[in-house]
Structure formats: structure tokens, C-alpha cells
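# Secondary and tertiary structure notes
Listed here are the chains, written in short residue letters.
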Amino acid sequence: MLAEVLEYLDLRPGKTIVDATVGMGGHSLEIAKRITPGGTLIAIDRDKESLAIAQERLKDFSENVEFVYGNFSDIEEISKRLKLEKIDGIVIDLGVSTFQLMQAERGFSFTREGPLDMRLDRNSYISAYDLVNNLNEDEISNLLWSFGQERWHNRIARRVVEERQKHPITTTAELSDIVMRAIPPRFRKFHYRIHPATRTFQAVRIAVNRELEALEQVIARTIPLIAPGGRICVISFHSLEDRIVKWAFRKAAADGAVKILTPKPLTPTESEARGNPSSRSSKFRAVEKI
Ligand SMILES: C[S@@+](CC[C@H](N)C(=O)[O-])C[C@H]1O[C@@H](n2cnc3c(N)ncnc32)[C@H](O)[C@@H]1O
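On a predicted model such as this, the values are computed, not experimentally measured, just so you know. Numbers given to residues run from 1 along each chain, matching the order in which its sequence is written. Per-residue local features are limited, in this predicted model, to residues with pLDDT of at least 70; the limit for side-chain atom pairs, both in listing and counting, is 80 or more; totals at the level of whole chains, interfaces and linings are taken over all residues. Hydrogens are left out, water is left out, and the side-chain values use all remaining heavy atoms of the structure.

A separate point is unusual backbone geometry. Each neighbour pair has its own omega, and for threonine 36 with proline 37 the value is 0 degrees, a cis peptide bond. Starting at the N terminus, helices and strands are each numbered in turn, a helix being any DSSP run of H or I of at least four residues and a strand any DSSP run of E of at least two. Its location among the elements puts proline 37 in the loop between helix H2 (26-35) and strand E2 (40-45). In the Ramachandran plot, aspartate 10 falls in the positive-phi region, its phi being about 50 degrees despite a non-glycine side chain. The residue aspartate 10 is located in the loop between helix H1 (2-9) and strand E1 (16-19) in this model. The exposure class assigned to aspartate 10 is partly exposed, which follows from its relative accessible area of 29%. You will see that glutamine 149, though not glycine, has its phi angle at about 45 degrees, which is positive. Working definition: with a 1.4 Å probe on protein chains only, accessible area under 20% of the residue-type maximum means buried, over 50% means exposed, and in between means partly exposed. In this structure glutamine 149 comes out as partly exposed when scored by relative accessible area, which is 27%.

Printed below as a string of C-alpha cells:
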């Protein structure tokens, strides 16, 4: 949803913009072109490898871009450290990038065999392996329900606990196979092209990276940092994220801090969704600081 990001950020030379999820720098590159000369882009990511790729991609703009390895929930600290006087706009494009999904050794994908890792920040302590092998059955069941809305959460949790008594669950393929065997046979087919392990993998990844907590924090902490007229744009990928964004924006609007620019979230066009099927569920919301 690059077009929406560029339009709603209302970019002009001289502006200070934060790309809180730089990934491989797709959004950042287009933002940098539009805020130079004179502007500043703060490009944040929790993933050092992605940051390095983005840095190379944006090397023509190195004087205008500040790369930050960190969690966007630390936006207050980051803005203090960089002595930002004002922020004119921020974009938060949630989830994992294709680059991260494609690397089997990161353990994000059930279609590529790799270690059960799923850490966005490879320096953080807790991995998917730790959660899957150490939480008790109730905890796993709750996690699958709360972060994946997985209807077979009880059956999958039971199966995980049974299997790990034989030996630790170490790979994405093992976890995916456990999910397949835990759900009733008639649900083992792909439903609407969605793999049956999708929700389990989403839930574990959200828990490993404490993604919903970080999202709540970044919105609450960013609003006071934005200059009047500045914009906050968020692209979410599933309903749990979108719900957090929607309610955080509604609350800020009720408090008189922002004006909602997208009463209904924007979604990808049919051709965008065809070109990039994983974007099908994404939702774009934006507010303007009053
Ligand atoms: C969907 S990708 C962003 C793609 C990017 N907009 C582009 O154009 O290439 C999401 C990125 O956000 C990063 N990320 C997710 N949660 C984060 C957080 N709490 N703090 C910083 N970066 C985060 C991920 O590591 C990933 O690189």
C-alpha cells in the first residue's frame, strides 16, 4: 500500500519522517526521494540484517537518513537521543517482510524447513523453540487462541505437549506437521489457500516478539511527538492488529488529539492483491495530529 503511505504522509522537502518498520527500505526509498533536499528520515527496524540491506539501498540519501536498530516502541527514547525537534509523519508497516519469510533459518515460514526461531530481533532472548517446548498446555492453548484465534487451540496444544514428551520440537516442519495431525482430518486441506498452520505460526510469532504490546505502545507514545498537522499511518495484517490501531485512534480522536483521516480502513486494490497475495488482508489507517 505504498501509494496510500506516500499520499497520506503528505511528503514535501524539509519534512522529518519516521519509517518505524524500514524492512528492505521500499517505503523509505520513496519517502527519502520526496523529503529531500533538506528533510530527515529516521529509519527504524528490529532486524539488523534488514537494516543493513535498507542502508545499502538508500546510500544515495545517507546524509538525510538516520538508521536506528531498535524496537519502535522505544520511539520516545529514539526521538530524544536523535534530538528530533518535531516529527511530521510516521509510517508503521506491521508484520514480517518477504525477505524474513524467505530465509528458512529465521523459522517464520511453515513452507520452508528451518529452526523454530521467529525472532525479529536475533539478539532477543526468547525464541519460538522456547515457547513451544516450555509453556504448559493451557498456556499454549491460550496463546493460540489469543494471538491466532485458532479454533483448534486445545487440540493443537495437547498434541504439542504429547509430541515434545518424545523429543523437543525443533523445526518449523515438525510444528506444522503437529498442527496438521492435531486438527480433524476434514480440516487438513487448505481452506481458501490458507495453510492450516497459518494461525499457529502467527500466534507463536506474535508472542515471541510481543508484537501487540509494541504496537499499543508505539501509537500511544508517538501521538505527543507528532507536530500539529503531522500524520500517523499504520498498515496492519490481521484483525488483532487492526483492532488495536482502530481503538487507539478512536480514543485519541475522542481526547481531541487527532483527526481520523480514514473512517473506514483502506484495503489493497484487486490488482495489488493479485500481484501480492499476502497483502490481501492488509488494512491502512491514518490520523492527523491536531
Ligand atoms: C512488512 S515489513 C516492512 C516492509 C517495509 N515497509 C518495506 O517497504 O520494505 C515489517 C518490518 O518491521 C519490522 N518490525 C516489526 N516489528 C517491529 C518493532 N516493534 N520495531 C521495529 N521494527 C519492527 C520487521 O523486522 C520487518 O522488517
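By the element assignment, arginine 164 lies in helix H8 (residues 153-166). We count Lys and Arg on the positive side and Asp and Glu on the negative side, and we leave His and both chain ends out. Each reported salt bridge corresponds to a side-chain nitrogen of Lys or Arg within 4 Å of a carboxyl oxygen of Asp or Glu. No salt bridge is formed by the buried arginine 164. Its closest oppositely charged neighbour is glutamate 139, at 7.2 Å. Only heavy atoms matter for contacts: two residues are in contact if any of them lie within 4.5 Å across the pair. Residues within four places of arginine 164 in sequence aside, it is in contact with Val132, Asn133, Asn134, Leu135, Asn136, Ile140 and Ile169.

Among the 22 residues in the neighbourhood of the ligand, the closest are listed as Asp45, Asn71, Phe72, Asp93 and Gln100. N or O atoms closer than or at 3.5 Å make up a polar contact, with two conditions inside protein: a donor-capable atom paired with an acceptor-capable one, and, for residues adjacent in sequence, both atoms drawn from side chains. In this structure, asparagine 71 approaches the ligand through a side-chain N or O atom, which is 2.8 Å from a nitrogen atom. Contact between the ligand and glutamine 100: an oxygen atom at 2.9 Å from a side-chain N or O atom of the residue. Accessible surface area values rest on a Shrake-Rupley calculation with a 1.4 Å probe, where residue burial reflects the displayed protein chains alone. Protein chains shield 92% of the accessible area of the ligand, which is 610 Å² for the free molecule. Residue composition of the shell around the ligand, grouped by class: eight nonpolar, 10 polar and four charged. Distances are taken per atom, and a residue is near a molecule or strand as soon as one of its heavy atoms is within 4 Å of it. In the scheme used here, Gly and all other residues not listed as nonpolar or charged are polar, with Ala, Val, Leu, Ile, Met, Phe, Trp, Tyr, Cys and Pro taken as nonpolar and Asp, Glu, Lys and Arg as charged.

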